[in-house]
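# Report on the structure
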Amino acid sequence: MSSDVVSGEPVWIILDVEGTVVPTEYVHATLFDHARAGLAGWITRNLDTPAGRDALAAVRRAAGLADSAGPDEIMTVLLAWIDQDRKEPALKVLQGHVWQEGYASGELRTPLFPDVIRALRRWRAAGHRLGIFSSGSVAAQRAVLSRTDAGDLRDHFAVHFDPLGVGAKREPDAYRAMRARLTPAGRAGDGGADGAPPPVFLSDVPAELDAAVAAGWRAVGVARPGEPYGNADFGPHQVVRGFDDIDGVRR
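Summary of the structure given here. (Residues numbered from 1 in each chain as written. Predicted model: local features only at pLDDT ≥ 70, side-chain atom pairs only at ≥ 80, totals over all residues. Heavy atoms only, no water.)

## Quick notes on the pairing of strand β4 (residues 200-203)
In summary, the side chains of a regular strand alternate between the two faces of the sheet. Heads up, the rule is: Relative accessibility thresholds used throughout: buried, under 20% of the residue-type maximum; exposed, over 50%; partly exposed, between the two (1.4 Å probe, protein chains only). The helix and strand labels rest on DSSP assignments: H or I over at least four residues marks a helix, E over at least two residues marks a strand, and numbering proceeds from the N terminus. By the convention used here, strands pair only if DSSP detects at least 2 bridges between them. Orient the strands so they point away from the viewer; a crossover is then right-handed if the path from the first strand over the helix to the second runs clockwise.
In β4, alternate side chains face the same way, and those of V200 and L202 on one face and F201 and S203 on the other are all buried. For β4 and strand β5 (residues 218-222), the ladder comprises four bridges, and the chain directions are parallel. Pairing of S203 across the sheet is with G221, part of β5. Of the crossover connections in this fold, the one passing from β4 over helix α9 (residues 206-214) to the parallel β5 is right-handed.

## A word on the pattern of salt bridges
Note the cut-off: Salt bridges are counted wherever a side-chain nitrogen of Lys or Arg sits within 4 Å of a carboxyl oxygen of Asp or Glu.
Applying the stated criterion across every chain, the model contains 11 salt bridges. With its nearest N and O atoms 2.6 Å apart, the salt bridge here joins D16 to K169. Remark: K169 occurs in the loop between α7 (163-166) and α8 (172-181) and D16 occurs in the loop between β1 (12-15) and α1 (24-45); sequence separation between them is 153 residues. Under the relative-accessibility criterion, K169 is labelled buried at 6%. For K169, the salt bridge goes to E208, with nearest N and O atoms at 3.4 Å. Of this pair, K169 sits in the loop between α7 and α8 while E208 sits in helix α9, and the two are 39 residues apart along the sequence. For the pair K169 and E208, one class covers both residues: buried. When salt bridges with common partners are traced through the structure, they connect D16, K169 and E208 into a single cluster.

## A few points about empty space enclosed by the protein
What counts, and what does not: Lining residues are those with an atom within 4 Å of a point, where the points come from a 1 Å grid over the protein atoms alone and group into cavities, where a 1.4 Å probe fits but cannot get out, or pockets, open sets with protein on both sides within 12 Å along at least five of seven lines. Grid points are joined across faces, edges and corners, and a volume is the space filled by probe spheres set on the points.
All told, the structure shown has three cavities of 30 Å³ or more when counted by the stated rule. Quantified by volume, the largest cavity comes out at close to 50 Å³. Lining the largest cavity, in full, are V17, V21, V22, I132, Q141, V144 and L145. When residues in the lining of the largest cavity are grouped by element, the largest group, three residues, is from helix α6 (residues 138-146).

## Focus: the sheet that holds strand β6 (residues 238-240)
Spelled out, the test is: Only C-alpha atoms enter the line fits that serve as axes; for helices the fit covers just the stretch in contact. Angles between N-to-C directions range over 0 to 180 degrees. Two residues qualify as a contact provided that any one of their heavy atoms is within 4.5 Å of a heavy atom in the partner residue.
Strand order in the open sheet formed by six strands is β3-β2-β1-β4-β5-β6, with parallel pairing between adjacent strands. Both outer strands of the open sheet, β3 (159-161) and β6, are each paired with one neighbouring strand and no more. Ignoring which end each strand starts from, the neighbouring axes of this sheet average 25° apart. Note that β1 and strand β2 (residues 129-133) share four bridges and pair parallel. Residue I13 lies in a different strand from β2, and its bridge partner there is L130. The sheet strands contacting α6 are β2 and β3, and the helix crosses β3 at an angle near 130°.

## Observations concerning helix α4 (residues 89-105)
The condition is simple: By this rule, a helix spans an expected 1.5 Å times one less than how many residues it contains.
Across its 17 residues, α4 extends 24 Å between first and last C-alpha, which sits within 8% of the 24 Å expected from 1.5 Å per residue. Among the residues of α4, A90, L91, K92, L94, Q95, G96, H97, V98, W99, G102 and Y103 are the ones counted as buried. Where the residues of α4 are buried, they touch α1, α2 (50-63), α3 (71-83) and α6. With its phi angle positive at about 90°, G106 sits one or two positions after the end of α4.

## Thoughts on the side chain of S137
Its place among the elements puts S137 in the loop between β2 and α6. For S137, a relative accessible area of 5% translates into the label buried. Setting aside residues no more than four positions away along its own chain, S137 makes contact with K92, V93, G96 and D162.

## A look at the packing of α1 against α3
Which entries qualify depends on this criterion: Working rule for angles: under 35 degrees goes down as roughly parallel, over 145 as roughly antiparallel, 65 to 115 as roughly perpendicular, anything else as oblique. The crossing is said to be left-handed when, going from far helix to near helix, the turn is anticlockwise and less than a right angle, and right-handed when the turn is clockwise. Each residue is assigned to one class: nonpolar for Ala, Val, Leu, Ile, Met, Phe, Trp, Tyr, Cys and Pro, charged for Asp, Glu, Lys and Arg, and polar for all the others, Gly among them.
It is the contact of α1 with α3, at a shortest axis distance of 11 Å, that shows an interaxial angle of 155°. Put simply, α1 runs roughly antiparallel to α3. Every pair of crossing elements has a handedness; the one defined by α1 and α3 is right-handed. Where α1 abuts α3, its residues R36, L39, A40 and I43 lie against P71, I74, M75, L78, L79, I82 and D83. Of the residues assigned to the contact of α1 with α3, the class counts are nine nonpolar, no polar and two charged.

Shown next, in the form of structure tokens:
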């Protein structure tokens, strides 16, 4: 399986993270456990900070809690969301705060799939522009990229999107919102992508690819062996086993 979807003129390549750039096991077994262990402490330390007040207010709204709900009630909700693997933006913001501290202290380090850094360098050298669209908050995305086994990758990515900013990953409107914000690849200035080649979305989740294509994007399924969606039915989408199969490069 291979794809030449990014072999032509410069385009935006927007990447999912979990299962596409980073192994799912790391996210679930390391990052989620780290957040679970650190949430209560972060909340206690930040009860009177703007970030803390905003984050707790968002949890109360999302969970239908009273404005007077305290840290214990909020933690009960957060732990239930984690157990359910809920993509709740209020939870993702809080996880991002905890992970930022973990990466800054050196406690966390992100393992990448081996082909990721090769592809990022290759695509950037070809003039493509790169971004992230993940269920994790923008702050969480930047934290995860800040300390990896290939170093700090934040400079490789020009834009970051999360569901809080553009909408759910399985909804076409999210991809329409992103495209409206993308400067045409290879061109200077700001503005929408009218007249530019469609962006390309890479993800391991077929429903996300469906949403991207419905919004006029091109999409490629990344079916990595051993990952939860490694043997999924990707329907009409182009499918690769890894990034070295994109634009005909195999190493």
